[in-house]
Amino acid sequence: MRQCLMPLAVVITIVAKIGFSLAQQAPAVAHGEAAAPGTHTARPIAESSIGEPSVHPGANDQYFERDLSVWQARFERAGREIYDHRNAILDHMQLTPGMRVADVGAGTGLFTFAMSGKVGSTGRVYAVDIVPRFLRHLEREKRRRKADNVVVVKGQPRTTTLAKDSIDLAFLCDTYHHFEHPRSMNRSLYQALAPGGVLLLIDFHRIAGKTPRELLDHVRAGQETVVAELVTAGFEVIDDPSAKPPPLVDNYVVRLRKPLGTPRR
């Protein structure tokens, strides 16, 4: 019998397409749970983001190295601007019952469970983090508080692992400057938001001559650069007069949106 040999380039193309198709179907598993039918699925990282180098190597190492109690004492204390104005920040989210929201970089859950109460039993809060000790703590708190509408999600350095069009609001509080791969993460956030969905961003000012030296070293980029990166990812800045911003000094607040006309792909 005569064998028909397929050109190598064609074989490589077919294998790559099969791998991409399987990646689209791979389930994103909530931390501590097995994947179930209908759970949200991770989008594959777009080719242009594969191999994106870290813009801030080691930015998250300390969270893997130090005990949970250290971070609870740092995050949940009077005198920390975000903690002192947490209720105003929560109001600024404009959450309503039934909303699907993501607390990206949930940490110790300062906002996760407050958000849970706002969206109610018909809503959903995805508490996303990459640090195992934070994920375990969030799971314990979820059980203790009987917060059944909270889903603890293990993120990755390049993706939230949230499903496409699965959330109405993404909340990032002092988290963006920890993104080692911002182009990939911004694409993941954009995909996870439904058209018209809001990205609420809070992060440190980085102003030479005003920002303390330790923050200049810690925070990679200032507001102008961060917003430009998000606009490049497809977001648009929105000015909502009805959303009264919290009275922050050390941090800025920006509301962005995935355009309503975004085609579903």
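Residues numbered from 1 in each chain as written. Predicted model: local features only at pLDDT ≥ 70, side-chain atom pairs only at ≥ 80, totals over all residues. Heavy atoms only, no water.

A. Summary view of the overall build of the chain. Along its length, the chain carries ten helices and seven strands. A total of 265 residues make up the chain; the buried ones form 46% of that total. When contacts within the chain are restricted to residue pairs at least 6 apart in sequence, those whose partners lie at least 24 apart make up 75%. For the chain, the accessible area works out to roughly 13900 Å², and carbon and sulfur atoms hold 55% of it. (Helix = DSSP H or I, 4+ residues; strand = E, 2+ residues; numbered from the N terminus. Buried < 20%, exposed > 50% of the residue type's maximum accessible area, 1.4 Å probe, protein only. Contact = heavy atoms within 4.5 Å. Areas by Shrake-Rupley, 256 points an atom, 1.4 Å probe, with all protein chains shown as cover.)

B. Layout of the confidence of the model for the chain. For the chain, per-residue confidence averages 81 on the pLDDT scale, and residues scoring 70 or more make up 80% of the total. Across residues 1-29, confidence stays below pLDDT 50; counting only partners more than four residues off in sequence or on other chains, it has 23 contacts. Throughout residues 32-49 the model reports pLDDT below 50, and contacts reaching past four residues in sequence, or to other chains, amount to 44 contacts. (pLDDT = per-residue confidence, 0-100.)

C. Structural context of the sheet that holds strand β7 (residues 251-257). If you trace the seven strands from one edge of the open sheet to the other, you get β3-β2-β1-β4-β5-β7-β6, paired in mixed fashion. Across the chains shown, the open sheet's two edge strands, defined by having one partner strand only, are β3 (150-154) and β6 (236-237). Docked against the sheet, helix α7 (residues 132-145) engages β2 (124-129) and β3, running at close to 165° with respect to β3. (Pairing = 2+ DSSP bridges. Axes fitted to C-alpha atoms, helices over the stretch in contact; angles between N-to-C directions.)

D. View of the pattern of salt bridges. A complete count under the given rule lists nine salt bridges for this structure. Measuring nitrogen to oxygen at the nearest pair gives 3.0 Å for the salt bridge that ties E236 to R257. Residue E236 is found in strand β6, and its partner R257 is found in strand β7; the two are separated by 21 residues along the sequence. Using a relative accessible area of 29% as the deciding quantity, one classes E236 as partly exposed. One salt-bridge network, in which partners are shared between bridges, spans E141, R144 and R145. (Salt bridge = Lys/Arg side-chain N within 4 Å of Asp/Glu carboxyl O.)

E. Here's a closer look at the packing of aromatic side chains. The tally for this structure, following the rule as stated, stands at four aromatic pairs. Between the aromatic rings of Y176 and F179, the centroid separation amounts to 5.1 Å while the plane-to-plane angle is 50°, which identifies the pairing as tilted. Taking 5.3 Å as the distance between ring centres and 85° as the angle between the ring planes, the aromatic pair formed by Y190 and F235 counts as edge-to-face. Of this pair, Y190 sits in helix α8 (residues 182-192) while F235 sits in the loop between α10 (223-232) and β6; the two residues are 45 residues apart in sequence, bridging distant segments of the chain. Of the two residues, Y190 and F235, neither departs from the other in class, the shared state being buried. Directly above the aromatic system of Y83 lies the positively charged group of R86, at a separation of 3.9 Å from the ring centroid. (Phe/Tyr/Trp six-rings, centres within 6.5 Å; stacked < 30°, edge-to-face > 60°. Lys NZ or Arg CZ within 6 Å of the ring centre and 35° of its normal.)

F. Representation of the packing of helix α5 (residues 86-93) against helix α6 (residues 112-119) in the model. Two elements in contact, α5 and α6, have axes separated by 11 Å at closest approach and are oriented at 45°. Taken as axis vectors, α5 and α6 run oblique relative to one another. The handedness of the crossing between α5 and α6 comes out as right-handed. Listed contacts from α6 to L90, D91 and M93 of α5 are A114, M115 and K118. Partitioning the contact of α5 with α6 into residue classes produces four nonpolar, no polar and two charged. (Parallel < 35°, antiparallel > 145°, perpendicular 65-115°, else oblique. Left-handed = near helix turned anticlockwise from the far one by under 90°. Nonpolar A, V, L, I, M, F, W, Y, C, P; charged D, E, K, R; others polar.)

G. The arrangement of the side chain of E81 in detail. Inspection of the secondary structure puts E81 in helix α4 (residues 81-84). Within the buried core, E81 has no salt-bridge partner, and the shortest N-O distance to an opposite charge, that of R80, equals 8.4 Å. From its side chain, E81 meets the backbone nitrogen of D250 in a polar contact 3.0 Å long. Beyond its immediate sequence surroundings of up to four residues, E81 is in contact with L248, V249, D250 and N251. (Lys, Arg positive; Asp, Glu negative; His and termini not counted. Polar contact = N/O pair within 3.5 Å; in protein donor to acceptor, adjacent residues only side chain to side chain.)

H. Spotlight on α5. Within the span of α5, buried status applies to I89, L90, H92 and M93. Seen along its axis, α5 keeps its buried residues to an arc of 160°; they face one direction. Away from the buried face of α5 by more than 90 degrees, exposed residues N87 and D91 are located. Where α5 is buried, its residues meet α4, α6, β4 (167-173), β5 (193-204) and β7. Immediately beyond the C-terminal end of α5, within one or two residues, lies Q94, with a positive phi of roughly 55°. (Arc of directions from axis to C-beta.)

I. Highlighting the pairing of β2. Most of β2 sits inside the fold, with five of its six residues counted as buried. Pairing geometry for strand β1 (residues 100-104) and β2, over five bridges, is parallel. Bridge pairing links V104 to V128 in β2. On the question of chirality, the crossover connecting β1 to the parallel β2 by way of α6 is right-handed. Inspection of the sheet shows β2 paired to β3 by five bridges, in the parallel sense. (Right-handed = clockwise from strand over helix to strand, strands pointing away.)

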